[in-house]
Amino acid sequence: MKKTLAKLADGRELIYFDTDHNAAREAPDLRPLDAGRSRPELRLDEATGDWITIASHRQDRTYHPPAGECPLCPSRDGRLSEVPAADYEVAVFENRFPSLSGPVGRCEVVCFAPEHDASFADLTPAAARLVLDAWTDRTAELSALPGVEQVYCFENRGVEIGVTLSHPHGQIYAFPFVTPRTAKMTAAAAAHRAATGRNLFEDLLAGARAATERVVTAGEHWTAFVPYAARWPYEVHLYPHRRVPDLTCLTEAERAEFPGIYLDLLRRFDGLFPVAGQPRARTPYISAWHQAPRTGGHELALHLELFTVRRTADKLKFLAGTESGTEAFINDVAPETAARRLREALA
């Protein structure tokens, strides 16, 4: 992997990741950009203990631009974008409209491919591996920044999720606090260790592999399964068989197998709700890496959670009164049924 560092016109960092060690990414950013004025603020919700980010400048962020004005496409034919080079494999840059910045963390955008109409599921295994290498690099770099407690790599896909840019991309948040879901998981892991002497996540993986009706796909180093108490209609957790805290600790064998397993999983999601005349429909989803935080996270195991808000071909799972109001989820699809449908999705 070749890593090329650059700067955008307003001083933000840009990083190119290439499989070709001869790739040249020297194009300067010629846009007349002013230095960003983002001033995110963290406020503590004293009723719950959760940190809330106030980022009012994000009201002005780019919203559903036409394809010819996409800021994530390469800069070509006189049109300047967030990526100055005329081509790239994977590009990572500081978000122009960040939820977190300066002393309160950092937000980065990860462009998975230069093609505007592509999707992660369309990537080759080599291209998916390069994205994994970029995630790993950024996890290492961002974890080392002062004040960062947790690095969160994720992808939102589909307007149903709330995506405002259709170009294939994800994001990375470097949080200055441990997020609520991670705090719940680390507390549950500590309680499980105290009660059983074992690691919670190792037991969850072992239980899923033993209860084969919830396994979707598996390899030598990874298993994808629907959790016993899934929140979402179609939700899959992908675990390496060896417990590690974060992406930086994966072995080469684990990294080599991941692209095939993950691409297979994404294509199964796309096969859930076929559309006449389309070889593969694009199911909206959120894909999220859960990594151990800097403080108190030694029991948390690296894993990826993938889920969709679509519950049928023409119905979405909305977080209404119970979910939004009380955080008490109600799932319309039995986890065992979801796993079976995903196993059959590529048949």
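Keep in mind that what you see is a predicted model, and the values were worked out from it rather than measured.

Engineer: Looking at this structure, I do not really get the overall build of the chain. What am I missing?
Structural biologist: Within the chain, the regular secondary structure consists of 6 helices and 15 strands. With the C-alpha coordinates of the chain rotated into their principal frame, the extents come out at 55 × 50 × 45 Å. Per-residue burial for the chain yields a buried fraction of 52% across its 347 residues. Long-range pairs, those at least 24 residues apart, make up 62% of the contacts in the chain with a sequence separation of at least 6.

Engineer: It is not clear to me how the pattern of salt bridges should be interpreted in this structure. Could you clarify?
Structural biologist: Side chains bearing opposite charge may pair, as long as their charged atoms lie close to each other. Counted according to the given criterion, the structure contains 29 salt bridges. Here R198 makes a salt bridge to D203, at a shortest N to O gap of 2.7 Å. The shortest N-O distance in the salt bridge between R268 and D264 comes to 2.7 Å. Placement of the pair is R268 and D264 together in helix 4 (residues 252-270), with a separation of 4 residues, close to one helical turn. Three or more residues joined by partner-sharing salt bridges are found here, namely K3, E13, E94, R106, E108, D137, R138 and E141.

Engineer: Quick question: what am I supposed to make of the packing of helix 2 (residues 180-196) against helix 3 (residues 200-210) here?
Structural biologist: Packed helices, taken two at a time, are described by their axes: the angle between them and the distance between them. Between helix 2 and helix 3, the shortest axis-to-axis distance is 8 Å and the interhelical angle comes to 85°. Between helix 2 and helix 3, the angle is such that the two are roughly perpendicular. Mapping the contact onto sequence places M185, A188, A189 and H192 in helix 2 and L200, F201 and D203 in helix 3. When its residues are assigned to classes, the contact of helix 2 with helix 3 shows 5 nonpolar, 1 polar and 1 charged.

Engineer: When you look at the packing of aromatic side chains in this model, what are you seeing that I'm missing?
Structural biologist: Where two aromatic rings form a pair, the distance of their centres and the angle of their planes describe that pair. One pass over the full model with this rule turns up 18 aromatic pairs. Aromatic side chains W232 and F307 sit 4.6 Å apart centroid to centroid with 10° between the ring planes, which places their arrangement in the stacked category. Placement of the pair is W232 in the loop between strand 10 (222-225) and strand 11 (234-240) and F307 in strand 13 (residues 303-308), with a sequence separation of 75 residues. Residue W232 is classed as buried on the basis of its relative accessible area, which comes to 11%. You can call F307 buried: its relative accessible area is 12%. Ring pairs connect the aromatic residues F112, F120, W135, W222, F258, Y262 and W289, which therefore count as one cluster. The ring of F329 has R231 sitting right over it, with the charged end atom 5.3 Å from the ring centre.

Engineer: Is there a simple way to think about the side chain of E108 in this case?
Structural biologist: Relative to the assigned elements, E108 resides in strand 6 (residues 106-111). The buried category is assigned to E108, whose relative accessible area is 0%. A distance of 2.8 Å separates polar atoms of two side chains, one belonging to E108 and the other to R106. Here the side chain of E108 touches R138 through a polar contact of 2.8 Å, side chain to side chain. Beyond its immediate sequence surroundings of up to four residues, E108 is in contact with V92, F93, E94, N95, R138, L142, G170, Q171 and I172.

Engineer: Which parts of the structure should I look at to understand the nonpolar core?
Structural biologist: Within the largest apolar cluster, 51 residues are counted, with the highest numbers of intra-cluster contacts made by F120, W135 and W289. Once you skip the residues sitting within four places of it in the chain, W135 turns out to touch F112, F120, C153, I172, L247, F258, Y262 and W289. Among the nonpolar cores identified, the runner-up in size contains 14 residues, and V83, Y88, A91 and V109 belong to it.

Engineer: Looking at this structure, I do not really get unusual backbone geometry. What am I missing?
Structural biologist: In most cases, non-glycine residues show a negative phi, while peptide bonds are predominantly trans. Even without being glycine, H64 reaches a positive phi, approximately 45°. You can see H64 is positioned in the loop between strand 4 (50-54) and strand 5 (90-94). Of note in this structure, D77 is not a glycine but carries a positive phi near 55°. For D77, the position within the fold is in the loop between strand 4 and strand 5. Residue classification places D77 among the exposed positions, given a relative accessible area of 83%.

The rules we used
Residues numbered from 1 in each chain as written. Predicted model: local features only at pLDDT ≥ 70, side-chain atom pairs only at ≥ 80, totals over all residues. Heavy atoms only, no water. Helix = DSSP H or I, 4+ residues; strand = E, 2+ residues; numbered from the N terminus. Buried < 20%, exposed > 50% of the residue type's maximum accessible area, 1.4 Å probe, protein only. Contact = heavy atoms within 4.5 Å. Salt bridge = Lys/Arg side-chain N within 4 Å of Asp/Glu carboxyl O. Axes fitted to C-alpha atoms, helices over the stretch in contact; angles between N-to-C directions. Parallel < 35°, antiparallel > 145°, perpendicular 65-115°, else oblique. Nonpolar A, V, L, I, M, F, W, Y, C, P; charged D, E, K, R; others polar. Phe/Tyr/Trp six-rings, centres within 6.5 Å; stacked < 30°, edge-to-face > 60°. Lys NZ or Arg CZ within 6 Å of the ring centre and 35° of its normal. Polar contact = N/O pair within 3.5 Å; in protein donor to acceptor, adjacent residues only side chain to side chain. Core = buried A, V, L, I, M, F, W, Y, C linked by side-chain atoms within 4.5 Å.

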